[in-house]
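Per-entry structural report
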Amino acid sequence: MANVVKRVSVHGFTEYLRAVEEYSNSSLHMYALFTGALDDQGKSWCPDCVKADPVIEEATKSLPECSCIITAYIDRPTWKDPKKQQLQKISRPPVDVHSNSHQTWD
């Protein structure tokens, strides 16, 4: 059976928290991906995110069945603002986290 991955895209940390709340009681394996927001032409402001995207996409192929990836697109000013307490533990994008265990993907 092919692995089934639900993808949820949100913009900003507040929307991310809402999505986590919405799916937290499901039986899905939850993953979070924090990445640079896209501009009007679909390009990220974050060169590391652009470089990592194909690697991340490949990694999703080995996720457990019934997984959910919540991709949070964060704008550059938010990443760069040291006062954004909710992003304190995230050093720089892209960051992926297994939400059920709070560990990064292998």
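In short, a report on the structure.

Analysis parameters
- Residues numbered from 1 in each chain as written.
- Predicted model: local features only at pLDDT ≥ 70, side-chain atom pairs only at ≥ 80, totals over all residues.
- Heavy atoms only, no water.
- Helix = DSSP H or I, 4+ residues; strand = E, 2+ residues; numbered from the N terminus.
- Buried < 20%, exposed > 50% of the residue type's maximum accessible area, 1.4 Å probe, protein only.
- Contact = heavy atoms within 4.5 Å.
- Areas by Shrake-Rupley, 256 points an atom, 1.4 Å probe, with all protein chains shown as cover.
- Expected span 1.5 Å × (residues − 1).
- Bend = angle between axes of the 7 residues up to and from the residue.
- Salt bridge = Lys/Arg side-chain N within 4 Å of Asp/Glu carboxyl O.
- Polar contact = N/O pair within 3.5 Å; in protein donor to acceptor, adjacent residues only side chain to side chain.
- Arc of directions from axis to C-beta.

Remarks on the overall build of the chain
For the chain, the helix and strand inventory stands at 3 helices and 4 strands. For the chain, the sequential pattern of α-helices and β-strands runs β-α-β-α-β-α-β. Burial statistics for the chain: of 106 residues in total, 38% are counted as buried. Residue pairs in contact within the chain that sit at least 24 positions apart in sequence constitute 77% of those at least 6 positions apart. Accessible area for the chain stands at about 7,100 Å²; split by element, carbon and sulfur atoms hold 49% of it.

Side note on helix α2 (residues 47–60)
An ideal rise of 1.5 Å per residue puts 20 Å on 14 residues; α2 measures up with 20 Å between its terminal C-alpha atoms. A maximum bend of about 40° is found in α2 at D53, where proline P54 lies one to four positions downstream. When α2 is considered as a whole, its buried residues turn out to be C49, A52, I56 and T60. On its buried side, α2 packs onto β1 (5–11), β2 (29–36) and β3 (67–74).

Comments concerning the pattern of salt bridges
For the coordinates displayed, the defined rule picks out 2 salt bridges. Among the ionic pairs, E57 bridges to R7, the shortest N-O distance being 3.1 Å. In this pair, E57 is assigned in helix α2 and R7 in strand β1, connecting sequence segments 50 residues apart. On the accessibility criterion, E57 (32% relative accessible area) is partly exposed.

Regarding the side chain of S67
Mapped onto the elements of the fold, S67 is located in strand β3. The buried category is assigned to S67, whose relative accessible area is 1%. Polar side-chain contacts of S67 include one of 2.5 Å to the backbone oxygen of P64.

Quick word on helix α1 (residues 13–23)
F13, Y16, A19 and Y23 are the residues of α1 that are buried. Seen from one end, α1 has its buried residues packed into an arc of 115°, which puts them on one side. Residues R18, E21 and E22 are exposed on α1 and point more than 90 degrees away from its buried face. Where α1 is buried, its residues meet β1, β2 and β3.

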